[in-house]
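Chain by chain, the residues:
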Amino acid sequence: MGGRWGGVLGWAGITVLAGGAVLTVVCLDGYTADGTPTPALAWVAGSAALLALITVVALLLGAADRDGDPERPPGRGRLVSRAASAVLGLGMAVAALPAWYLGSDAGSSARDLPTPIAELWIAVCSISLGLFLVLGASRALQVREWRRALLGAGGGALMVALIVTQTPALTRLATVEHTTAARVLEPAPVPADVTRVGWTWQPEHPVVGVGRGPLGPVVLYQDGLVGLDGATGAELWSYRHPLARNVETGFLPGDDGHARLVHRAHQGEDPTVVVLDTATGAVVADAVMPELPDAPKGGPDHLTPEGRFHLERGSGGDRVVAHATDSVRRLWEFPLEVDTAPGLVCLGPDRDAVVGHGDRLLVTRVCLDEDGHSDRGAHVVSSGGDVAESARVRVVVLDTVTGARLWSHEWRPRGAGPIGAATVREGRPGTDGEAVVVTGDGVLALETGEPVAGTGSGADAPAGTGVLAVDTAGAVVLTGSDEGEAVLVEETDAEGGVRRRTEVAAPGAADALGSPLLLADALVATGTGTLMAGEGPGGRSVLVAPLDGGTVTEEDLRWPRSDEESAPRSGDADHRLLAVPGAVVSFVLDADADGGRTAPVYGLLP
């Protein structure tokens, strides 16, 4: 192309080629600094930068020729050489595609990180773009045609600036698979009982976890998350980093509305935290989480979309500290020694001194005088083996937003020995019960700290007793018989009165219902022990025992199952159940241990 546009395209191509070569060299340097580079990719990128520089030098030498005619189109030979360079540049862009150097599954052993590879690919693509712009340049570029040169160089500079500024977005587009829900659905209720397999969902990759979302299950892969409709099993949304190597997925404790994905864009850099809305899959937060100089190893004790929280120890006393998720800005701090009596030394238990649940933080402290103090902080015994007279255990509940103390509870330990941290039990799905705090001194409402009547602490429960659920509405306790052939399920209300008592008298019930999932009107378990009548060859076994206030015999038991799949035979496979809005989901963890095959997720419906 000759004339005005030939000059503009030529100078634009020179500028884009020069900028692309610089960008490629910079990205190549960052890529090699991130670990062991792939020689083929480094060779492709280096060759592209060299081709760009050669083309720029050739065009500038032509521009120095005063006899050149900028109005004439290039001759056949020059046009062929430019076309060959453009095709070669396109080939290099294809050869630099991230998919060639990163496996499609997260289990790949490749050491490269996807972000620097994607950035390098974008840089090579910019060189390819410059070569195609040069394809339309005039036979000779002249500096004296300064208007064309200025317009072309300015347009090329704008292209380079756009490429540089949009590289993060383009990198996400190349490395992230993200779909969101088309519309927000009304959540279905959690089933009170289940009788059949209502739907089947086949995961594309091994399932490493399943959590409860507001509309149904949220399935965790090693490299992402998928949200399902609990009523139908339809896929609502997904978010994956399929090429990433350093990804962690999980949930926010006590917050069904959000899930997290943590990854590192570059080796040695701070992690990036992506928080997703589990109803729609929309990104709520996507920011680098800078490392805190005084933070404990292993990450924060609790994480929310807005903040991260940990226990900070210092010479002035321990304190709970909150920092912003996306910066090192300190949001608030709460000193734990404010109410400590003189002469007492307070430490946390061996584990979980700070436990988070949604917008609440539970801090457990063990306080002793200096004579009864143990360096480990988890034992409250004196040298004689009795409980130290000064021993106290204190639980403080804080608001994660303001750092304000909502309530606290203190008691004297009942016996010598290790003191465990207070824990949170969530309210039973499908009931009005709210979360409670389980302590060594009883059960307390999480929001108010008020004792929950009739639940006790479990210290005086008979042998063989298991607390299936406890919340502000009451408790459900399972007790095995002396013969081990039957179990008694007793449901109490908030005042401790027995609301319903069901006996499961089927042979082997105590073994089969050892750790069941509790629904409003049924127990659901992965059938084991002698109750295997409902499990055919290779099938996944699920046992349902109705809770009707009477006696449940073997004839009353149900075995919902699907004939479409045989259960993994590997001993590493872990069959689990979870109650979610719309269904009870049956899933298998570590299903890839059985020849790389992924087990389906089943939805059990009423």
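Data block above holds the structure.
All figures in this text were calculated on a predicted structure; none of them were measured in a lab.

This part takes up the packing of aromatic side chains. Counted under the stated rule, the structure contains one aromatic pair. Between Phe309 and Trp332 the ring centres are 5.9 Å apart and the planes differ by 35°, which places this aromatic pair in the tilted class. With a gap of 23 residues between them, Phe309 in strand S12 (residues 307-312) and Trp332 in strand S14 (residues 330-335) connect regions that are remote in the sequence.

This part covers the sheet that holds strand S22 (residues 442-445). If you walk across this open sheet you meet the three strands as S20-S21-S22, and the pairing is antiparallel. Of all the strands in the sheet, the pair left with one neighbour each is strand S20 (423-425) and S22. Direction aside, the axes of adjacent strands within the sheet are offset by 35° on average. Direction of pairing for S20 relative to strand S21 (residues 436-439): antiparallel, over a ladder of three bridges. Within S21, the residue paired with Val424 across the bridge is Val437.

With that out of the way, let us pick up the pairing of strand S13 (residues 319-324). The buried fraction of S13 amounts to six of the six residues, a majority that puts the element mostly inside the structure. Covered by surrounding structure in S13 are Arg319, Val321 and His323 together with Val320, Ala322 and Ala324, the residues of both alternating faces. Here S12 pairs with S13 via six bridges, running antiparallel. Considered in S13, the bridge of Leu311 is made with Val320.

Let us look at a nonpolar patch on the surface. A surface patch of nonpolar side chains, about 410 Å² in accessible area, is lined by Leu90, Val94, Trp100 and Phe132. Examined against the element boundaries, Leu90 turns out to sit in helix H3 (residues 76-95).

Moving on, we get to the sheet that holds strand S11 (residues 302-303). Spatial strand order, S11-S12-S13-S14: four strands in an open sheet with antiparallel pairing. Each of the sheet's edge strands pairs with one partner strand only, and the pair in question is S11 and S14. As paired strands, S11 and S12 are joined by two bridges and run antiparallel to one another. Along S12, the bridge assignment pairs His302 with Phe309.

Looking now at the packing of H3 against helix H4 (residues 114-135). Across the interface, H3 lies against H4 with an axial gap of 8 Å and an inter-helix angle of 165°. With respect to H4, the axis of H3 lies roughly antiparallel. In the crossing of H3 with H4, the sense of the turn from one axis to the other is left-handed. Between H3, through Leu79, Arg82, Ala83, Ser85, Ala86, Gly89, Leu90, Met92 and Ala93, and H4, the contact on the second element is made entirely by Trp121, Val124, Cys125, Ser128, Leu131, Phe132, Val134 and Leu135.

Where like charges cluster on the molecular surface, the negative patch consists of Asp548, Glu554, Glu555 and Asp556. Relative to the assigned elements, Glu555 resides in the loop between strand S30 (551-552) and strand S31 (574-580).

Our focus in this paragraph is the environment of Arg392. One can find Arg392 in strand S18 (residues 392-399). Take Arg392: its relative accessible area is 27%, and that puts it in the partly exposed class. C-alpha separation for the pair Arg392 and Val366, spaced 26 residues apart in sequence, amounts to 6.0 Å. The residues touching Arg392, leaving out its near neighbours within four places in the chain, are Arg365, Val366, Cys367, Glu410, Trp411, Arg412 and Pro413.

Moving on: the pattern of salt bridges. In the structure shown here, the tally under the stated rule is 18 salt bridges. Linking Arg558 and Asp193 is a salt bridge whose minimum nitrogen-to-oxygen distance equals 2.5 Å. With Arg558 in the loop between S30 and S31 and Asp193 in the loop between strand S1 (177-179) and strand S2 (196-201), this pair connects stretches of sequence that are 365 residues apart. A residue is classified by how much of its surface remains accessible, and Arg558, at 22% relative accessible area, is partly exposed. On the basis of relative accessibility, which here comes to 21%, the residue Asp193 falls in the partly exposed class. A salt bridge links Glu312 to Arg330, with the shortest nitrogen-to-oxygen separation between them at 3.1 Å. Here Glu312 is found in strand S12, whereas its partner Arg330 is found in strand S14, with 18 residues between them in sequence. What you see here is one network of salt bridges that share partners, running through Glu312, Arg319, Arg330 and Glu333.

Rules behind the numbers
Residues numbered from 1 in each chain as written. Predicted model: local features only at pLDDT ≥ 70, side-chain atom pairs only at ≥ 80, totals over all residues. Heavy atoms only, no water. Phe/Tyr/Trp six-rings, centres within 6.5 Å; stacked < 30°, edge-to-face > 60°. Helix = DSSP H or I, 4+ residues; strand = E, 2+ residues; numbered from the N terminus. Pairing = 2+ DSSP bridges. Axes fitted to C-alpha atoms, helices over the stretch in contact; angles between N-to-C directions. Buried < 20%, exposed > 50% of the residue type's maximum accessible area, 1.4 Å probe, protein only. Patch = residues over 30% accessible without salt bridge, like charges linked within 9 Å, V, L, I, M, F, W, Y side chains within 5 Å. Areas by Shrake-Rupley, 256 points an atom, 1.4 Å probe, with all protein chains shown as cover. Salt bridge = Lys/Arg side-chain N within 4 Å of Asp/Glu carboxyl O. Parallel < 35°, antiparallel > 145°, perpendicular 65-115°, else oblique. Left-handed = near helix turned anticlockwise from the far one by under 90°. Contact = heavy atoms within 4.5 Å. Lys, Arg positive; Asp, Glu negative; His and termini not counted. Charge placed at Lys NZ, Arg CZ, Asp CG, Glu CD.

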